[in-house]
Each structure stands twice: as structure tokens, then as C-alpha cells.
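# Structural features, examined
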Amino acid sequence: MDLAAADLARTLSTRWGGRWRVRAAGGSGLCNTWHAVGAGPPCFVKTAPLERASVLEAEADGLDALAATHTIRVPRLFGCWHDLRQGVAVLALEWLDLHAPDAGFGARFGHALAALHAQPPPEGGGRYGWRRDNMIGGTPQSNAWSRHGGLEGWIEFWGTQRLGAMRARLAARGSDPALLDAVGRVIEQLPSCFDDGHEPCASLIHGDLWSGNWGMLADGTPVVYDPAVSCSDAEAELAMMDLFGSPPAQFWPAYRQGTPLRPGYAQRRGLYQLYHLLNHALLFGASYAAASLRLARQLAGAR
């Protein structure tokens with residue numbers, strides 16, 4: 001159900017007391033967003049029908065996990081709850097006043113992300129996955145744990161929970177058989193993508209770190225939001241950052257100070273970007289399907 005600003009103001013008042021002023025701040029097919037000012041700190045609020053409550057709960061879970069690392073700034077989580085009277089789920093976050101990145105932003109961002117990726121994940125025992133499924137854009141993202149860690153577990157996870165899961169969704173939509181075949185061949189050839197000796201190590205990653213999901217606070221601190229977390233190879237995070245835009249100036253030298261990249265990353269970057277292109281093909285159609293097919297054929301033909 002759609003929620004009016006006055007209804008949300010009453011929800012916040014019931015939750016926290018005082019009077020609240022609420023204005024719409026846009027939305028998507030999954031939720032509506034609001035700016036709320038009142039008895040407490042200003043909030044960025046998301047609401048969704050109860051049947052989509054898991055979307056907001058997964059976002060809250062991801063923000064909690066990132067915040068617990070004390071490596072990179074995320075919006076503070078004020079609450080995530082169900083309002084049964086209004087028939088909605090509510091996610092309330094800190095309102096962020098973002099500023100244009102300054103000259104040192106890229107280096108600070110690179111150091112913070114490297115620190116996140118270097119920290120042992122909070123769970124999984126070195127395996128890949130996460131404690132719950134979440135969303136990658138508008139698509140459910142499966143995070144079932146791999147059976148093993150290391151290279152064997154990573155090939156299993158990327159082949160089944162990432163490329164294989166996206167291929168299955170595209171097949172259910174009746175996508176081009178040529179694309180499905182090409183993705184299948186990439187999955188079969190995954191072991192050869194690590195011939196340079198790269199041994200993946202599970203890192204907690206943001207998971208959807210395109211340029212629209214990071215920013216800079218007034219004091220210069222990098223901040224990230226809208227996560228799709230998992231324990232994954234950190235290279236998958238970096239590849240996403242290079243797909244729709246690119247990291248800010250001085251990001252790469254700062255990141256590499258703590259985490260040198262293997263030579264084979266240049267080849268694996270396309271492998272990891274394929275997942276996100278397939279997701280865009282699922283969400284937005286033909287042009288991304290064509291780009292996915294070109295990349296999948298390139299990856300499969302490169303072996």
C-alpha cells in the first residue's frame with residue numbers, strides 16, 4: 001500500500017514521540033523514500049509494503065555488518081520495524097548531507113575500502129556467502145554459503161550463486177539462448193580464470209559499489225550506502241566500481257598500498273562485471289543483454 005507523509009509522521013511519532021515533519025524524497029519499484037525531521041536527528045526513511053519487508057531488513061543487516069567493522073562509514077541505523085496498522089515496513093537511517101568530493105577523497109576512500117577488505121569477515125569461517133539473501137538492485141541475490149573456502153569454494157560460489165543464479169533467472173524470462181549458452185561456457189571455464197595463482201580470500205564486501213552508492217560527508221569522510229553485502233573475493237567489489245563509472249582519482253594507489261592486485265585481475269574484472277551486466281539485462285533488457293553476450297563470448301573465447 002502507498003503511505004502518505006502524514007501517515008508516516010504518525011508512525012514516527014508513535015515510535016519515538018514528538019512531532020515529525022515528513023516529505024517525499026523519491027522512491028523505486030521496491031520502496032518509497034522520505035526526509036523526516038522531528039524529535040530526533042533528521043532521518044532518511046524507506047517504506048515498503050509488508051510483503052517486501054525483507055528488502056529493508058536485508059539493507060539494515062548489511063549496514064549493521066559494515067558498521068561493525070569500524071573501517072568505513074555508513075549511515076547510522078535508527079531502526080527497522082513493521083507498522084502493522086499502516087501495513088508497511090519502515091527503515092530509518094541517518095540523513096546524510098553529502099558534499100562534492102575534494103582532492104583527497106579518492107585516497108581516503110581507497111584506504112577505507114582496503115581496510116574493510118583486509119578485515120576477516122564476521123562469520124562464514126572463510127567460506128563465501130552471507131547469513132541471509134539480499135538484493136542486487138531490484139533482483140534477489142542468493143547468498144547460500146559455499147561448502148569450502150579458498151579457490152574451490154569461490155569457484156563454486158561464483159558459478160552457482162552469482163553467474164548460475166542470474167543465468168537461471170534469465171532463462172525463466174525466455175532470454176536469448178545464445179546468451180545462456182555463453183554464460184554456461186564461462187561457468188565451465190571458471191578455474192582457468194585463476195591461472196595466475198590468485199587465491200581468493202573471503203572478505204566482507206559492500207557488493208553494489210557503483211558511483212551512486214558512495215559519497216563524501218562535510219568533514220571529508222567517505223561514506224557508502226545501499227549495500228548488497230556478502231563474503232566474497234574483494235576483486236569482485238573493485239570490478240563493480242570500474243563498470244558504471246570509475247573510482248575517484250587517487251583511489252587505486254591508496255587501495256594498493258595495503259592490497260596489491262594480482263596481474264590476472266585485469267582478466268577477472270570482466271568475469272565479475274558480467275554478473276552485474278546480466279542483472280541489468282534482467283532489469284532493463286536488450287542493450288544490456290547484447291553487452292552481456294559480447295562480454296561472455298569474449299571471456300569464454302579467451303581460454
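Residues numbered from 1 in each chain as written. Predicted model: local features only at pLDDT ≥ 70, side-chain atom pairs only at ≥ 80, totals over all residues. Heavy atoms only, no water.

Glancing now at the pairing of strand 1 (residues 21–27). As judged from the five bridges shared by strand 1 and strand 2 (residues 32–37), these two strands associate in the antiparallel manner. The residue bridging A24 from the neighbouring strand is W34, located in strand 2. Where strand 1 hands over to strand 2, the hairpin turn is made up of four residues, counted between the paired strands. (Pairing = 2+ DSSP bridges. Helix = DSSP H or I, 4+ residues; strand = E, 2+ residues; numbered from the N terminus.)

The next subject is helix 1 (residues 5–16). Along its 12 residues, helix 1 runs 16 Å from first to last C-alpha, staying within 8% of the 16 Å computed at 1.5 Å per residue. Those residues of helix 1 that fall on the buried side of the exposure criterion are D7, L8, A9, T11 and L12. Residues of helix 1 that are buried in the fold lie against strand 1, strand 2, strand 3 (43–49), strand 4 (77–83) and strand 5 (88–94). Of the residues trailing helix 1, G17 is marked for its positive phi of about 85°. (Expected span 1.5 Å × (residues − 1). Buried < 20%, exposed > 50% of the residue type's maximum accessible area, 1.4 Å probe, protein only. Contact = heavy atoms within 4.5 Å.)

What follows deals with the side chain of E94. Assignment of secondary structure puts E94 in strand 5. Only 2.9 Å separates the side chain of E94 from the side chain of R73, close enough to count as a polar contact. For E94, the contacting residues outside a window of four places in its chain are P42, F44, R73, V74, P75, R76 and F78. (Polar contact = N/O pair within 3.5 Å; in protein donor to acceptor, adjacent residues only side chain to side chain.)

Bringing the packing of aromatic side chains into the picture now. What the rule picks out here adds up to 17 aromatic pairs. Here F109 and W214 contribute two aromatic rings whose centre-to-centre distance is 5.2 Å and whose plane-to-plane angle is 55°, an arrangement assigned as tilted. Taken together, the residues F109 in helix 3 (residues 105–118) and W214 in strand 9 (residues 214–216) connect sequence positions 105 residues apart. Each member of the pair, F109 as well as W214, carries the same accessibility label: buried. Here the aromatic residues F105, F109, W214, F251, W252, Y255 and Y265 are joined through ring pairs into a cluster of three or more. (Phe/Tyr/Trp six-rings, centres within 6.5 Å; stacked < 30°, edge-to-face > 60°.)

Core analysis: the largest hydrophobic core is formed by 70 residues, its most contacted members being F109, L113, W158 and L163. For this core, the element with the highest residue contribution is helix 8 (residues 265–284), accounting for nine residues. (Core = buried A, V, L, I, M, F, W, Y, C linked by side-chain atoms within 4.5 Å.)

We now examine the sheet that holds strand 5. Spatial strand order, 1-2-3-5-4: five strands in an open sheet with antiparallel pairing. The open sheet terminates on both sides in strands that have one partner only, identified here as strand 1 and strand 4. Each strand axis lies, on average, 25° off the axis of its neighbour in the sheet, ignoring direction. Sheet contacts for helix 1: strand 1, strand 2, strand 3, strand 4 and strand 5; angle to strand 4, the most-contacted strand, approximately 110°. Helix 2 (residues 53–68) contacts strand 3, strand 4 and strand 5 of the sheet and is inclined by roughly 25° relative to strand 5. (Axes fitted to C-alpha atoms, helices over the stretch in contact; angles between N-to-C directions.)

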